Each structure stands twice: as C-alpha cells, then as structure tokens.
Amino acid sequence: MAKRVAIVGTGQTFHKSHRPDVNGQELINEAVQAALADAGLTMTDINAIIIGNMDHFEGINYVDCWSVDGSGGLMRPIIKITTGGTTGCTIAIGGYHMVASGMFEKVLVIGWEKNSESDTSGAITTAFDPVWDRRVFAGAISGLAAEAQAYMARYGATDRDGARVSVRDRRHALNNPYAQLRKEVTLEEVLASPMLADPIHLLDICPRTDGACAVIMASEDSAEKITATPDWIWGTGNRHSYAYLGDADYGRLTSMERTSKQIFKKAGIREPRKEINVIELYQPYSFGGIIWIEDMGIVPHGKGAEYIWSGATDMGGELPINPSGGPISTNPIGATGLIRCAEAAMQVMGKAEGRQVPDVNFAVSTGFGGCWWTDMILHGKNKPNY
Amino acid sequence: MDKAAIIGIGMTKIEARKVDKTFADMVFEAVRKALDDAGMTINDIDNVITTSNDFWDGRTISCMAVGDASGASDKNVSCVEGDGTFGALYGLARTLSGSYGTTLVTGHSKGSQSVSSLITNAAFDPIYNRMLGADMITACAMQANAYMARTGATSEQLARVSVKNHGNAMMNENAHLGMKLTVKDVLDSEMIADPLHKLDCSPVSDGCCAIIIADEKRAGKSKKKPVWIKGVGMCADAYFLGDRDLSRSESLVKAAQTAYKMAGITSPEKEIDLAEVYDAFSYQELMWLEGLGLCADGEAGKLLEKGAFDIGGRLPVNASGGLLGGHAVIAAGLYRIAEVVRQIRGEAGAYQAKKTNTGLAHGVNGLAGQSHCVWILGKDR
C-alpha cells in the first residue's frame with residue numbers, strides 16, 4: 001500500500017561562488033548535518049540516500065560511491081540520480097517514490113555542485129548530440145536566448161520585461177542569508193550589463209555557485225512524530241520532451257504545461273493562481289520567469305510580463321515567486337532544484353524566516369534542465385486527500 | 001508491502017562493437033523486444049527509468065540521448081547513474097509508490113566508444129589516488145590478491161570460473177564472448193594485473209537491456225506468467241580501498257540480508273535455485289557467492305571445482321555466461337535480472353537450469369564492489 005510522504009527537514013550550505021574552505025564531501029556534509037539538525041534526527045535514523053549532481057562538472061565518476069564519507073552513505077543504501085539541471089528536483093521526486101513505496105521509512109536526499117572547479121559551458125556543450133547539435137549550441141545561454149527571442153517575436157515582449165524579473169529575484173535574495181548574490185539591482189543596471197546572448201544580459205542570468213542542499217523525507221507513519229508541521233507532498237511529475245534541439249517548440253515550455261496539468265488535476269487544483277500561495281521556480285534566467293508561469297497556467301499565454309509588472313509575484317503580492325531569490329541569485333546546479341524544493345517546504349512549514357510568505361497552504365517547486373525539461377512538486381500544509 | 005513483478009524483458013545481443021547502432025538504436029531495440037515480450041505497446045507504459053553514465057557515454061545528461069528511443073516522450077521519466085540493478089530498484093520503488101502501474105527500465109552502454117581505464121580512473125579520488133593511474137582492473141587485482149591470500153583460493157580456481165562462464169556463453173545467443181577454454185588457456189593468457197590474466201577479465205562490450213516492472217494489478221494482465229520480485233537490497237561500503245577489508249564484502253552481505261529478509265528467505269543456500277552474479281573478473285564470482293551467503297566463506301573455489309556451480313550443479317551460477325561472456329557496463333546487472341527471468345520462465349534454451357523457482361540477480365557499483373544491489377525473483381507470488 002503506497003504511503004503518504006512528507007518533508008520533515010531541510011538544510012543547505014551558505015552558497016558562494018567559491019568554497020575553497022571545503023572539499024566536495026565536506027560541502028555535502030554541511031548540508032546533511034543542517035538537514036538532520038532541522039529534523040531533529042541523526043544519521044542512524046536514515047534508511048536510504050539519494051544523491052545527485054553533474055559528474056562531468058565535478059570530473060568524478062560514481063559520485064554516490066565517492067561521497068559516502070560526507071553523505072552518510074557508508075553501509076547504507078545509496079543511489080545516484082542525474083538528469084542535468086533538473087537533477088535537484090528529480091532526486092526530490094526520487095525521495096518521494098522511495099518512501100511512498102514502503103521500502104524505506106526515511107530517505108535523505110542530497111544535491112550538490114562545486115561549480116568553481118568546473119568548466120560548466122564546456123560540460124553542458126557535451127550534452128548535445130555530437131554529430132547534429134553540439135557545434136550549434138555552446139553551453140546553456142544560447143539555447144535560453146533562442147527561447148527568449150522566440151517568445152519576444154510571438155508576444156512582443158522586450159528585454160525590459162526580462163529585466164523586471166531579474167530585479168525581483170535579486171531583491172528577494174536580500175532576505176535570504178544563504179543566497180550567493182545579495183545585491184539589489186535596478187532595471188537600468190540590468191539593461192546596461194553586458195549582453196551575453198541577445199536578449200540575455202549578464203544580470204538576466206544565474207551565477208555559478210558552490211553549494212549543497214539536503215532534504216529529509218519520511219512516511220506518514222513517522223512524519224508527524226518528527227515535526228508538528230510536515231510539508232506534505234501532494235504530487236510529483238516531470239516531462240522530458242525531446243532529444244534534438246530542432247524538435248523544441250521555442251517560446252513556450254511544453255514540458256511545464258504537461259507536468260502542471262498532470263499535478264494540478266490530481267490535486268484538484270482548478271485555479272492555480274488563486275490556490276497556490278508561493279512558487280519556487282527553477283528559473284536560471286529572467287525571461288523564463290515570464291514564459292514559464294504562462295505554461296504553468298498561472299496566467300494566459302502572452303500575459304506573463306503584464307502579471308510580473310503588476311507586482312503580483314513580488315513579496316507581498318498575490319503569488320510571490322522565488323522569495324529565496326531563485327537560481328538567479330544562487331545556482332549550484334545539482335542542488336538548485338533541491339533548493340527550490342527545500343525553500344518551498346520551508347514556506348509550508350513556516351520556517352522561511354525573513355522570506356516567509358504568510359499562510360501558505362500550497363507551494364510549488366520546479367526543476368528545469370536537460371533540454372527544456374520540467375520536474376515539479378506540489379507541496380501542501382494538509383495531508384493529501386488521496 | 002505491495003507486490004510487483006517483471007512482465008517483460010528485452011536484450012540486444014552483446015557485441016564487441018555495434019558499429020551499426022547508436023545508443024538510441026540499441027535502446028529502441030531492447031525496448032521493442034521488452035514490449036513484445038510483455039505483449040504491450042508503449043502506451044501501456046506509465047513511466048520510464050533509463051540507466052546510463054555520463055563518463056561512459058561521453059555526454060553530460062547522457063539520459064537525454066535515449067529518452068525518445070525509450071518511449072519516454074510525454075511520460076514521467078528519470079535517470080539513475082550506475083548499474084542497471086540500481087536503476088531497476090528505483091523503478092520498483094516508483095511502481096510500489098502507487099504512482100505508476102508499469103515502469104520500463106533500460107540500461108545501456110557502448111564500451112567500444114569508451115576508454116575503460118580513463119573512465120574508471122575518474123572514479124578515484126582526484127587528490128589522493130587518481131594520479132597513481134589506478135583503474136578498475138588494478139583495484140580489482142588488489143582485491144583478488146586480498147581474497148586469495150585470506151581464503152586460499154587459487155589461480156586455477158579463478159581460471160575455472162572463466163572456463164565455466166565462457167563455456168556457458170557459447171549457448172547464449174546474446175553473449176559476446178562464448179569460448180571453449182581450458183584452465184591452461186586462462187593461465188597462459190596475458191597477465192593484465194597480477195593475479196588477473198586477460199581471460200580472468202570480462203570484455204568491455206556494447207549492449208542494452210530493458211525490463212518492464214508492473215504492480216500486482218497490471219501483472220495479472222500480462223501476456224506471459226509474471227516473475228515476481230520477492231526481495232531487493234542495496235548497500236555501499238567505504239570509498240577508499242584502504243578503509244575496507246578488500247578480501248570481504250560487508251556491503252554485499254548487508255544488501256543480501258536485506259533482500260533475503262524481504263523475500264522471507266532464511267537459508268539462502270537451500271532456497272536459491274540459481275544465481276546470476278556480477279563476474280566482471282573471475283575471482284568476483286567466488287567472492288560474491290560467499291558474500292551472498294550462497295556458500296560458506298572461503299569455500300566457493302572448492303565447490304566450483306566439484307561442479308557445484310555448473311548448469312547441472314547444485315546452484316547454477318551465470319548459466320548465461322555472465323559478464324565474462326559479455327559486459328555492457330551499465331546494463332550488466334539488468335542483463336542479470338533478465339537472465340534470471342528467462343530461467344524462471346523456462347526460456348533459457350540450451351543453458352536452461354532444471355530447478356528455477358527462486359533466482360538471484362546481482363549488480364555492483366563503484367570500485368572493487370563498493371556498492372551492491374541484490375534481487376530475489378520467484379516463480380510464485
């Protein structure tokens with residue numbers, strides 16, 4: 001019989017562009033210890049571990065095996081799941097299924113990345129087909145620029161609209177002591193920053209970060225004993241839509257559209273804009289903040305920018321997005337999706353401190369990566385009714 | 001806990017070099033075969049787990065390359081890195097979670113497009129070990145020495161594993177390296193890393209395996225009789241080789257105990273009818289059989305000499321030819337599962353074992369058997 005699952009503890013490192021003070025295992029352990037402390041558990045309580053990162057970035061093969069000293073995996077079941085940018089969210093979804101299966105009571109989920117030691121663009125370039133695509137798109141930025149251009153062509157959005165999203169997330173990051181970039185920027189500063197790939201300016205896009213995040217999931221049998229305010233997982237889903245660059249429908253995120261529909265339908269959410277209280281969106285660049293909320297069904301297609309300009313997604317607005325500052329402020333790639341999950345859980349549990357959104361009943365966290373893939377989790381204050 | 005079963009298997013032929021097939025082509029072939037085997041179409045698959053490894057594939061996000069071919073378009077999909085048995089364990093969890101009725105699991109590898117020594121060298125710690133130039137073969141040679149020194153297992157016994165498994169592979173149409181060998185042939189073959197001769201080492205091959213896992217409800221509708229998943233277990237040991245007693249495999253003992261407990265098995269020696277174990281090197285078959293509790297510690301070599309692990313013996317081990325008969329790295333454990341399914345169904349043809357009510361399949365991750373995954377499969381629910 002499938003079990004209901006809740007997040008009972010979260011932990012993350014202080015994120016920086018470079019953490020020369022720790023090696024990878026120590027970085028992982030910092031997040032693990034923080035999550036255990038948050039849940040009031042010790043490593044002996046943990047029945048299994050899921051770890052994720054991007055091994056071409058780290059240059060280490062079999063990271064699950066390599067990290068056991070830091071992850072707590074010694075003489076325990078440990079498994080590695082990797083799906084690119086979505087990794088952090090994918091491993092959270094993995095933790096959900098491992099607990100829901102009834103095979104493991106408490107599962108520790110760890111995402112991490114030491115980007116300072118890697119050539120991210122070089123590694124990402126190898127994600128593409130070596131014959132057909134690899135020489136066309138270098139790294140992540142060019143693909144994102146193509147998506148933004150397609151959207152702008154379709155709906156007449158401008159780089160000013162993108163800048164507005166960047167201003168929002170960078171302002172929100174001021175409330176997050178764990179965020180890497182905590183500096184307020186103006187619209188003009190974003191627009192005046194160097195153009196990386198039209199229309200993406202330097203301040204439109206995420207940094208490279210060293211950091212780790214850990215989340216502990218437990219079954220219904222023990223979740224409420226561990227914490228009075230567990231974050232219940234209502235639904236998980238993902239779509240990986242295509243393998244070749246030419247197959248993508250640029251300007252919209254079909255994987256987000258399909259995943260959202262699946263999850264919202266299952267949870268009985270008919271008006272996501274009203275029923276969801278906060279979103280932690282894996283949004284590595286500003287235009288994604290406009291395009292993807294349309295695909296999520298928050299606003300109709302073409303209305304994303306207008307909604308952002310209204311202030312609805314700012315703190316205090318109708319539906320705050322990325323109170324943590326999002327990936328634009330902090331981006332340790334293998335951890336980034338899991339940080340979204342952890343931040344959403346903290347919002348539901350009332351533990352988000354200076355970035356807390358009041359009265360969160362439902363929160364959404366997402367992962368983005370691969371090539372226009374979406375992973376998504378619906379978090380809720382109350383136990384799922386199914 | 002709910003029950004789940006394997007209702008479809010698909011294996012490509014394991015070959016030295018599939019020049020005519022991309023990763024995606026191999027995966028498509030295995031998936032097509034697994035669907036046909038189960039009497040299903042891709043529409044009957046609720047979610048997909050691909051198993052790959054970025055280093056072996058030379059690609060970041062290596063699962064991207066096989067998403068379409070595995071039929072994952074518009075389905076929930078995820079990717080485990082490591083041996084296929086670990087991917088299958090996650091696939092089982094996704095089935096038992098109640099989220100999905102059927103899970104397709106694939107594992108693929110093209111050793112022909114990889115440099116094994118460089119890739120396995122990258123699994124060593126970058127600061128302390130990597131520059132020594134160690135790789136999987138040298139790590140396992142150290143383990144073989146430690147195992148032989150402690151248990152008294154001999155080079156002849158190791159060689160006999162190779163003779164048996166390469167011989168068995170001759171009967172398996174999917175195997176890469178079926179060969180009629182003598183102990184002398186093995187001992188005369190080139191010394192790769194003492195005590196491992198060339199014929200003590202598995203080849204690095206190309207291949208893909210796919211299995212379909214179903215929950216109890218969906219298993220009832222399958223074309224063939226489902227093979228039930230009775231128990232699974234996995235466990236990781238210390239990373240640094242110096243932190244382990246390399247001559248033993250504590251993590252395998254623990255993984256096996258977990259699987260046996262779940263399967264309700266109290267005396268594995270009596271209750272397991274056949275085993276497909278991860279014989280990447282000849283000594284491993286002996287060492288793992290002891291770790292699995294399928295014979296007493298230090299006894300595997302002697303039992304092997306008596307023919308106990310032959311197809312007609314007390315416990316047929318690697319009747320398919322095992323990894324020595326063909327080693328598509330990431331898919332290797334998934335092939336073990338599929339081969340046990342074949343045996344339990346009575347479809348193993350020339351290498352069919354007689355008694356096959358309960359079978360064991362085994363996979364390994366990491367250097368010198370750091371992490372193990374054990375599956376117990378059964379004919380009866």
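Here the structure is shown first, and the text comes after it.
Here we summarise the structure given alongside this text.

Reading guide: rules and limits
- Residues numbered from 1 in each chain as written.
- Chains lettered and ligands numbered in written order.
- Predicted model: local features only at pLDDT ≥ 70, side-chain atom pairs only at ≥ 80, totals over all residues.
- Heavy atoms only, no water.
- 1 Å grid on protein atoms, 1.4 Å probe; cavity = no way out; pocket = protein on both sides within 12 Å on 5 of 7 lines; lining within 4 Å.
- Points joined across faces, edges and corners; volume = space filled by probe spheres on them.
- Helix = DSSP H or I, 4+ residues; strand = E, 2+ residues; numbered from the N terminus.
- Nonpolar A, V, L, I, M, F, W, Y, C, P; charged D, E, K, R; others polar.
- Expected span 1.5 Å × (residues − 1).
- Buried < 20%, exposed > 50% of the residue type's maximum accessible area, 1.4 Å probe, protein only.
- Axes fitted to C-alpha atoms, helices over the stretch in contact; angles between N-to-C directions.
- Parallel < 35°, antiparallel > 145°, perpendicular 65-115°, else oblique.
- Contact = heavy atoms within 4.5 Å.
- Patch = residues over 30% accessible without salt bridge, like charges linked within 9 Å, V, L, I, M, F, W, Y side chains within 5 Å.
- Areas by Shrake-Rupley, 256 points an atom, 1.4 Å probe, with all protein chains shown as cover.
- Salt bridge = Lys/Arg side-chain N within 4 Å of Asp/Glu carboxyl O.
- Core = buried A, V, L, I, M, F, W, Y, C linked by side-chain atoms within 4.5 Å.
- Buried area = accessible area lost by both parts, 1.4 Å probe.
- Polar contact = N/O pair within 3.5 Å; in protein donor to acceptor, adjacent residues only side chain to side chain.

### A closer look at empty space enclosed by the protein
Argument step 1. Taken as a whole and judged by the stated rule, the model has four cavities of 30 Å³ or more.
Argument step 2. Its boundaries defined by the atoms lining it, the largest cavity holds a volume of some 100 Å³.
Argument step 3. Together, 14 residues line the largest cavity, and His240(A), Trp373(A), Cys63(B), Met64(B) and Gly67(B) are the ones closest to its centre.
Argument step 4. Here the lining of the largest cavity takes three residues from strand S3 (residues 76-81) of chain B, the largest share from any one element.
Argument step 5. Here the residues of the lining of the largest cavity sort into eight nonpolar, five polar and one charged.
Argument step 6. Roughly 60 Å³ of volume is contained in the second largest cavity.
Argument step 7. Considering the residues around the second largest cavity, the lining is formed by Ile14(B), Asn172(B), Asn174(B), Ala175(B), Ser320(B), Gly322(B), Gly325(B), Gly326(B), Tyr335(B), Arg336(B) and Glu339(B).
Argument step 8. Partitioning the lining of the second largest cavity into residue classes produces three nonpolar, six polar and two charged.

### Some words on helix H8 (residues 159-172) of chain A
Every α-helix winds through 3.6 residues per turn, so residues three or four apart in the chain are directed the same way.
Residues and elements named next belong to chain A.
Argument step 1. Counted at 1.5 Å a residue, the expected span for H8 with its 14 residues is 20 Å, and the 20 Å between its end C-alpha atoms agrees.
Argument step 2. Of all 14 residues that make up H8, 11 are buried, and the element is covered over most of its length.
Argument step 3. Within H8, burial applies to Asp161, Gly162, Ala163, Arg164, Val165, Ser166, Val167, Arg168, Asp169, Arg170 and His172.

### Notes on the packing of helix H3 (residues 84-96) of chain B against helix H13 (residues 332-345) of chain B
The packing of two helices is summarised by the inter-axis angle and the distance between the axes.
Residues and elements named next belong to chain B.
Argument step 1. In contact at an axis separation of 5 Å, H3 and H13 are set at 65° when each is read in the N-to-C sense. The angle between H3 and H13 places the two elements in the roughly perpendicular class. Along its contact with H3, which presents Gly84, Thr85 and Ala88, the element H13 presents Gly333, Leu334 and Ile337.
Argument step 2. Here the contact of H3 with H13 is built from residues that sort into three nonpolar, three polar and no charged.

### Quick word on a nonpolar patch on the surface
Argument step 1. Together, Val131(A), Trp132(A) and Tyr244(A) line one region of the surface with nonpolar side chains, adding up to about 360 Å² of accessible area.
Argument step 2. Overall, Tyr244(A) belongs to the partly exposed group, its relative accessible area being 34%.

### Notes on unusual backbone geometry
Argument step 1. Residue Pro199(A) is bonded to the preceding Asp198(A) through a cis peptide linkage, with omega at 10°.
Argument step 2. Following Asp194(B), the chain continues into Pro195(B) via a peptide bond in cis, with omega recorded as 10°.
Argument step 3. Of note in this structure, Met75(A) is not a glycine but carries a positive phi near 55°.
Argument step 4. A positive phi angle, near 50°, is found at Ala368(B), a position not held by glycine.
Argument step 5. Looking at where Ala368(B) falls in the secondary structure, it is placed in the loop between strand S10 (358-365) and strand S11 (371-378).

### Things to note about the environment of Ala345(A)
Argument step 1. Counting through the fold element by element, Ala345(A) comes out in helix H16 (residues 333-349).
Argument step 2. In contact with Ala345(A), not counting residues within four places along its chain, are Ile7(A), Thr10(A), Asp231(A) and His379(A).

### With respect to H3(B)
All names here are of chain B.
Argument step 1. For H3, built from 13 residues, the straight-helix expectation of 18 Å at 1.5 Å per residue is met to within 8% by its first-to-last C-alpha distance of 18 Å.
Argument step 2. In terms of residue burial, H3 counts as a mostly covered element, since 13 of its 13 residues are buried.
Argument step 3. At the C-terminal side of H3, Gly98 shows a positive phi close to 85°.

### A closer look at the nonpolar core
Argument step 1. By size, the foremost hydrophobic cluster in this structure holds 156 residues, and its most contacted members are Phe309(B) and Leu360(B).
Argument step 2. Each residue touching Phe309(B), except ones within four places of it in the same chain, is listed here: Lys164(B), Leu289(B), Cys295(B), Ala300(B), Leu303(B), Leu304(B), Leu315(B), Pro316(B) and Val317(B).
Argument step 3. If you look at the next biggest cluster of nonpolar residues, it comprises 65 residues, including Ile7(A), Met98(A), Ile233(A) and Val227(B).

### Points about the interface of chain B and chain A
Argument step 1. Of the residues lining the interface, 59 residues belong to chain B; the matching set on chain A comes to 58 residues.
Argument step 2. Of all residues in chain B, Thr60(B), Met64(B) and Met234(B) bury the most surface against chain A, accounting for 14% of the area lost on that side.
Argument step 3. Our enumeration of links across chain B and chain A arrives at three salt bridges.
Argument step 4. Taking the shortest distance from any N to any O, the salt bridge between Lys80(A) and Glu81(B) comes out at 3.2 Å.
Argument step 5. Between the two partners, chain B and chain A, sit 21 residue pairs in polar contact (both at pLDDT 80 or more).

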